[in-house]
Amino acid sequence: MPRRVKRADRGDAVPAAPDDPSARAGIPPALSAGLRAGSLRVQEMHHAIAGKTFRALERVPGVAAPAAIVEAVHDTITKGVYGAVRHGGAALLSLAGRADSFAAGSPRAASRSELAWRSALSGVLGDSLLAAGNPLAVTMGFHANGRVLPLTRESLRGLQPHVAVFIHGLACDEHSWQRTPEVWRGAADVDLGCSYGERLESELGLSAIYLRYNSGLAVEDNGRELVEQLARLLDAAPHIQELSLVGHSMGGLVARSACEQASVADHAWIQRVRVLVCIGTPHRGAPLEKLGQLATLALGLSNVTQPLAHIAETRSRGIKDLRHGLPAEEPALDIPLRLIAGSLSGGGRSAGLAGAMLGDGLVMPGSAADHARTGDVQRVELRGLGHMALLNHPRVYAVLRPWLQAPRTR
């Protein structure tokens, strides 16, 4: 049996480089670690696949010795290549970190594209960013008219007695409520504005404010923080008599979680909630995250795909919370609950079946309608509207407006 050439180490832990440029930039922990871990997982999978090939060649007479030599060369080269990828990626993160720090210290406001990038990053890695103390972690706060709304008496003095709080979904921010305004073209009263908040302010005389939050955190944690934020809001603005909460997708889960926690703790603001509206919210879970969990389990069954399972498992806690939605044993709420479900299917005989199979593309109608919930609940299904279209569409507004206009029943 020919003597085997010693192979280069595989799957070695990759220690932080002593002069890691991402560390010098202040971005390091989450993004740099994510890049290094991700490239390491790909490297491990590469070696697992190559290893199976070389093991097979070792059993072929006359080929074992040359195969061992080729394997050693292969391992050395690929280890160097992946190391270069990690170092080069860290350098790019260094540049990103400095650019972000410059933007943070600059008097100019961040652009919508910059906010969208950070919001998307928040949805995927938000919990890791926060745990690492990374400045890219999103902080919860209210916004109005494109600016942060400080919770002081002076800044809140202009709010109306009825305030509608809009809560975005996963990997989004407050600007998501202004998307696709072209669907309003042709409306006779388009001058009122092309977002739900603008039109509600014009037609009902209420004030619309928008919550920005770290959607990568657990729904329960965001709900707990929202409880405190709303308490501070009403402490600083006691003239606010009514709150309407409007959540899209994960935002509906956060709003419901906040209301449940506030009810248990008997927070005063819960008595001022006029209505809770959930739009395209996966109350009983989203199928894509359920499939994601199954895929993670399946990838973990083989040593070839286990590195990919490690990558899949690093998705944020917020994403994982979408697997099951709200807990089945959630306490009953003494709040009017209004639910809107979207469906990609249109009319016709097959619409019901197609809607049940496709939902709005991300959330099934049964989950959005939460038929298990009893009490003061109203449900509407809007066919022909996908998940993101629900954020800003005249048909949704036609349902939303009367719900927020209806007299308070508690």
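The structure this text deals with has already been given above.
What you see as residue numbers is a count from 1 along each chain, following the sequence as written. Thresholds applied to this predicted model are a pLDDT of at least 70 for local features of residues and 80 or more for the giving and counting of side-chain atom pairs; totals over whole chains, interfaces and linings are not thresholded and use all residues. To get the side-chain values, take all heavy atoms of the structure and skip hydrogens and water.

Visitor: Is there a simple way to explain the side chain of Arg338 in this structure?
Guide: Take Arg338: it is sitting in strand S7 (residues 337-343). Judged by relative accessible area, which is 9%, Arg338 ranks as buried. Counted as a polar contact is a pair of N or O atoms within 3.5 Å, where, for protein atoms, one must be capable of donating a hydrogen and the other of accepting one, and residues adjacent in sequence contribute only when both atoms are in side chains. Here Asp376 takes part through its side chain, which lies 3.1 Å from a polar atom of the side chain of Arg338. Contacts of Arg338, omitting those with residues within four sequence positions, involve Val275, Leu276, Val277, Cys278, Asp376, Val377, Gln378 and Trp403. The helix and strand labels rest on DSSP assignments: H or I over at least four residues marks a helix, E over at least two residues marks a strand, and numbering proceeds from the N terminus. A 1.4 Å probe rolled over the protein chains alone gives each residue an accessible area, and that area as a share of the maximum for its type sets the label: buried under 20%, exposed over 50%, partly exposed in between. Should any heavy atoms of two residues lie within 4.5 Å, those residues are counted as being in contact.

Visitor: What exactly am I supposed to notice about the nonpolar core here?
Guide: If you look at soluble globular proteins, the nonpolar side chains tend to sit buried side by side. The set of buried Ala, Val, Leu, Ile, Met, Phe, Trp, Tyr and Cys residues whose side-chain atoms join them within 4.5 Å is what this entry labels a nonpolar core. Core analysis: the largest hydrophobic core is formed by 44 residues, its most contacted members being Phe142, Leu233 and Trp269. Broken down by secondary-structure element, the contributors of at least two residues to this core are strand S1 (141-144), strand S3 (162-167), strand S4 (207-212), helix H7 (219-236), strand S5 (242-248), helix H8 (250-265), strand S6 (273-279) and S7. Not counting residues within four places of it along the chain, the set of residues in contact with Leu233 comprises Phe142, Leu151, Leu156, Leu159, Ile209, Ile240 and Leu243. Core analysis: the next-biggest nonpolar cluster, separate from the first, contains 24 residues, Tyr196, Leu382, Tyr397 and Leu400 among them.

Visitor: For this particular structure, what's the right way to read the packing of aromatic side chains?
Guide: The relative placement of two aromatic rings is captured by the distance of their centres and the angle of their planes. Planes of paired rings set the category: under 30 degrees apart is stacked, over 60 is edge-to-face and the rest tilted, where pairs are Phe, Tyr or Trp rings (Trp by its six-membered ring) whose centres lie within 6.5 Å. Following the criterion strictly, the structure yields 5 aromatic pairs and no others. Ring centres 6.1 Å apart and planes at 70 degrees place the aromatic pair Trp184 and Tyr397 in the edge-to-face group. In this pair, Trp184 is assigned in the loop between S3 and helix H6 (196-204) and Tyr397 in helix H14 (residues 394-405), connecting sequence segments 213 residues apart. Considered together, Trp184 and Tyr397 belong to a single accessibility category, that of buried residues. Where Tyr196 meets Tyr397, the ring centres are 6.3 Å apart and the plane angle is 15 degrees; that geometry is what we call stacked. Taken together, the positions of Tyr196 in helix H6 and Tyr397 in helix H14 put the pair 201 residues apart, joining distant regions of the chain. Pairwise contacts between aromatic rings join Phe166, Trp177, Trp184, Tyr196, Tyr210 and Tyr397 into one cluster.

Visitor: Quick question: what am I supposed to make of the environment of Leu226 here?
Guide: With respect to the element layout, Leu226 can be found in helix H7. In this structure Leu226 comes out as buried when scored by relative accessible area, which is 0%. Taking the C-alpha atoms as reference, Leu226 lies 6.0 Å from Ala258; in sequence the two are 32 residues apart.

Visitor: What is the right way to read the packing of H6 against H14 from this model?
Guide: Angle between the axes and distance between the axes: these two values describe a pair of packed helices. Axis definition: a line fitted to C-alpha atoms, over the contacting stretch in the case of helices. Angles run 0 to 180 degrees between N-to-C directions. Remark: H6 packs on H14, axes separated minimally by 11 Å, with the N-to-C direction vectors making an angle of 45 degrees. By the criterion of interaxial angle, the relationship of H6 to H14 is oblique. For H6 against H14, the interelement crossing comes out right-handed. The segment H6 lies against H14, with Tyr196, Arg199, Leu200, Glu203 and Leu204 engaging Val396, Tyr397, Leu400, Arg401, Leu404 and Gln405. Under this scheme an angle from 65 to 115 degrees is roughly perpendicular, one under 35 degrees roughly parallel, and one over 145 degrees roughly antiparallel; angles in between are oblique. We call a crossing left-handed when the near helix sits turned anticlockwise from the far one by less than a right angle, and right-handed when that turn is clockwise.

Visitor: Hey, could you run me through H14 in this one?
Guide: For the α-helix, the turn length of 3.6 residues means that residues three or four positions removed from each other point alike. In a regular helix each residue adds 1.5 Å, so 12 residues correspond to 16 Å; H14 covers 16 Å between its end C-alpha atoms and thus fits that length. Residues of H14 that are buried include every one of Val396, Tyr397, Val399, Leu400, Trp403 and Leu404, and no others. An end-on view of H14 places all buried positions within 165 degrees of arc, on one side of the element. Lining the buried residues of H14 we find S3, H6, S5, S6, S7 and strand S8 (377-383). Given a helix with a known number of residues, its expected span is that number minus one, times 1.5 Å. Here the arc refers to the set of directions running from the helix axis out to each C-beta atom.

Visitor: Looking at this structure, I do not really get the pattern of salt bridges. What am I missing?
Guide: Charged atoms that come close allow side chains of opposite charge to pair. Within this document, salt bridges are pairs made up of a side-chain nitrogen of Lys or Arg and a carboxyl oxygen of Asp or Glu, the two lying within 4 Å of each other. For the structure shown, the criterion picks out 12 salt bridges. One salt bridge in this structure joins Glu242 and Arg274, with 2.8 Å as the shortest N-O distance. Of this pair, Glu242 sits in strand S5 while Arg274 sits in strand S6, and the two are 32 residues apart along the sequence. Residue classification places Glu242 among the buried positions, given a relative accessible area of 17%. Of the charged contacts, one joins Asp370 and Arg284 as a salt bridge, the two residues approaching to 2.9 Å between their closest N and O atoms.

Visitor: What is the right way to read the sheet that holds S1 from this model?
Guide: Paired through backbone hydrogen bonds, the strands of a sheet run either parallel or antiparallel to each other. A pair of strands counts as paired when DSSP detects no fewer than two bridges linking them. Read across the sheet, 8 strands follow the order S2-S1-S4-S3-S5-S6-S7-S8 without closing on themselves; strand pairing throughout is mixed. Strands with a single pairing partner mark the edges of an open sheet, and in this sheet they are strand S2 (147-148) and S8. Where H14 meets the sheet, it contacts S3, S5, S6, S7 and S8, and its direction lies at approximately 160 degrees from that of S6.

Visitor: Hey, could you run me through the state of the cysteines in this one?
Guide: Simply put, the disulfide is a covalent bond whose two ends are the sulfur atoms of two cysteines. Put simply, a disulfide is two cysteine sulfurs that come within 2.5 Å. On inspection of all chains with the given rule, the structure shows 0 disulfides. Looking at the unpaired Cys259, the closest cysteine sulfur is the one in Cys278, lying at 8.6 Å.

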